[in-house]
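Now for the letters of each chain:
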Amino acid sequence: QVQLVESGGGLVQAGGSLRLSCAASGRTFSSYVMGWFRQAPGKEREFVAAISWRGVTTHYADSVKGRFTISRDNAKNLVYLQMNSLKPEDTAVYYCAARNKNKVTTAAHEYDYWGQGTQVTVSS
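Residues numbered from 1 in each chain as written. Predicted model: local features only at pLDDT ≥ 70, side-chain atom pairs only at ≥ 80, totals over all residues. Heavy atoms only, no water.

A. Quick peek at the environment of G66. Looking at the element boundaries, G66 is found in the loop between β6 (58-60) and β7 (68-73). For the pair G66 and N84, spaced 18 residues apart in the sequence, the C-alpha separation amounts to 8.7 Å. (Helix = DSSP H or I, 4+ residues; strand = E, 2+ residues; numbered from the N terminus.)

B. A look at the pattern of salt bridges. This structure, assessed with the given rule, holds five salt bridges. Of the charged contacts, one joins R38 and D90 as a salt bridge, the two residues approaching to 2.9 Å between their closest N and O atoms. Of this pair, R38 sits in strand β4 (residues 33-39) while D90 is found in the loop between β8 (78-83) and β9 (92-99), placing the two residues 52 residues apart along the sequence. Grouping residues by exposure puts R38 and D90 together as buried. Two residues, R67 and D90, come together in a salt bridge whose shortest N-O distance is 2.8 Å. Here R67, found in the loop between β6 and β7, pairs with D90, found in the loop between β8 and β9; they are 23 residues apart in sequence, far enough to count as distant. Judged by its relative accessible area of 0%, D90 is buried. Among the ionic contacts, a cluster of salt bridges with common partners joins R38, E46, R67 and D90. (Salt bridge = Lys/Arg side-chain N within 4 Å of Asp/Glu carboxyl O. Buried < 20%, exposed > 50% of the residue type's maximum accessible area, 1.4 Å probe, protein only.)

In structure tokens:
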């Protein structure tokens, strides 16, 4: 069982930056693929980024590639999402997710555990 708690969301102007953090409980954090998803009002949850167990493999949605960076610190049970050059269309609730299989995937239904989400609002 893994519990996930996101933090770091907030209000930022377009072009600004935020860093989201996701704290995970459990001793086996390093064996989980971790992902970030987001959901804007009236829209479906969408994939943002994912990272493999050891951080060797990462994958990004085309809409954030080159602007967002996912990373993890297995010693601290943390995963991060550095978001730069933010746009109003990045406004959403951002969710951290964990997958108990060694394969990075973009499909939300393949993740086993989810956090409660943190709001990111980008003003124009």
